[in-house]
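The primary structure of each chain is shown beneath.
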Amino acid sequence: MGYKLRKTYIKKRGLPPGTLIHSGKHKDEKVKVDFFHYSNGFYIEKKDVEIEEALNHRNETGIKWINIDGLHNVDLIKKVGEEFEIHSLVLEDILDTEQRPKLDIYDDYIYLVIKLFSYNENEEIDIEQISIILGKDFVITFQEKEGDVFESIRSRIRNKESKIRRLSSDYLAYALLDIVVDNYFVVLDEISEVLFLMEEELIMDPSQDMLPDIQQIKRELIFLEKAVWPLKGLITSLSKVDNDFFKEDTILYLRDVNDHVERTIDTIQTFRDIINGILDTYLSSVNNRMNEIMQVLTIISTIFIPLTFIAGIYGMNFKYMPELESELGYPITLIVMLFMVIGMLIYFKKKKWL
């Protein structure tokens, strides 16, 4: 991640503000454009169309939702910006995938940046930037890659009885925010399960392999907190700001999303306390194990010190040592050594060193 940041800033260094450069991973596949046009009485859905086909509905009545999967086609992004008169600085932020969650309010639209988290096939958290532009009768979403996080919203639009078909574009923007925030709980449930298994393993049989996993969870929680914390202020600002984009009824729903964000933040902080406790317990367990090993080695050394002393004396081979001429000298020496070992073990036992 650090390399990508440096590379992006090197490319943009010295260029004027509003210069459109994609900062994410280079991709060769085609950018996918999905389009919805709906109202209470009708809906039109078009999948994987050319951007011109979606833009043809620009001036028609009803709510228009354009979802763009992939940001590597700069010309396409620029064409959307020209059609909807989106400021070049907003287009620059859309292409810069290292943005933090933010809110920009313009005369004709609102620009939102949020982060989506999901687990990939390697059981690692993927961070995806989602940009949302809300106008009076349109919503445009920009995703880094194709995904199905918004599929439930598409299903609701297809249902003519759903509330989303009867309400304005601000409700659609709320629904998109809500589904992203709800997806945080899916990721947190996965982390909760991992923490539970870690605690069990820590109690049963802690191993050195646990340390990389602990550090990985700590990093993921830091990323989550950095993405969710600004979202709290963002939604609070949307709920309080005086604008013509969010109606009072929709603001009530935004406050519910804000409650979910606060719950997410509380859960993340709780998990950080848990993982710090797991790390402390792991280090204590490693230290205790090391102390036990050192205790055993110390006892063995203590036992063999007097034995080595006796063996050293009788290994000097002086001619006039008194026990050398005795037939019982050797077994007596061994018996004395044995009693010394037994005596030391009994002493260690009474001292609870064993």
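Residues numbered from 1 in each chain as written. Predicted model: local features only at pLDDT ≥ 70, side-chain atom pairs only at ≥ 80, totals over all residues. Heavy atoms only, no water.

Q: Before we go on, may I ask you to explain the overall build of the protein in this structure?
A: A count of helical and extended segments in the protein gives ten helices and seven strands. Counting every position in the protein, which comprises 354 residues, the buried fraction comes to 42%. Long-range pairs, those at least 24 residues apart, make up 65% of the contacts in the protein with a sequence separation of at least 6. Split by element, the accessible area of the protein, about 20300 Å² in all, is 55% carbon and sulfur. (Helix = DSSP H or I, 4+ residues; strand = E, 2+ residues; numbered from the N terminus. Buried < 20%, exposed > 50% of the residue type's maximum accessible area, 1.4 Å probe, protein only. Contact = heavy atoms within 4.5 Å. Areas by Shrake-Rupley, 256 points an atom, 1.4 Å probe, with all protein chains shown as cover.)

Q: Just checking my understanding: could you explain the nonpolar core for this structure?
A: Note on soluble globular proteins: their nonpolar side chains tend to be buried together. Core analysis: the biggest nonpolar cluster contains 60 residues, and Trp65, Phe150, Ile153, Leu172, Ile191 and Phe246 have the highest contact counts within it. Elements that contribute at least two residues to this core include exactly strand S1 (32-38), strand S3 (63-69), strand S5 (110-119), strand S6 (125-134), helix H5 (151-158), helix H7 (169-204), helix H8 (210-240) and helix H9 (248-314). With sequence-adjacent residues up to four places away left out, Trp65 is seen in contact with Asp34, Phe35, Phe36, Val139, Thr141, Phe150, Ile153, Arg154, Ile157, Leu172 and Leu176. In this structure, Phe35, Leu76, Leu95 and Phe142 belong to the second largest nonpolar core, which totals 26 residues. (Core = buried A, V, L, I, M, F, W, Y, C linked by side-chain atoms within 4.5 Å.)

Q: What's the story with the packing of H9 against helix H10 (residues 329-350) in this structure? I'm lost.
A: Helices that pack against each other are described as a pair by the angle of their axes relative to one another and the distance between those axes. It is at 10 Å that the axes of H9 and H10 come closest, and there the two elements cross at 160 degrees. Classified by the angle their axes make, H9 and H10 are roughly antiparallel. Crossing handedness for the pair H9 and H10: right-handed. Taking contact as the criterion, the partners of Ile299, Thr302, Ile303, Pro306, Leu307, Ile310, Ala311 and Tyr314 in H9 are, on H10, Thr333, Met337, Met340, Val341, Met344, Leu345 and Phe348. For the contact of H9 with H10, a count of residues per class yields 13 nonpolar, two polar and no charged. (Axes fitted to C-alpha atoms, helices over the stretch in contact; angles between N-to-C directions. Parallel < 35°, antiparallel > 145°, perpendicular 65-115°, else oblique. Left-handed = near helix turned anticlockwise from the far one by under 90°. Nonpolar A, V, L, I, M, F, W, Y, C, P; charged D, E, K, R; others polar.)

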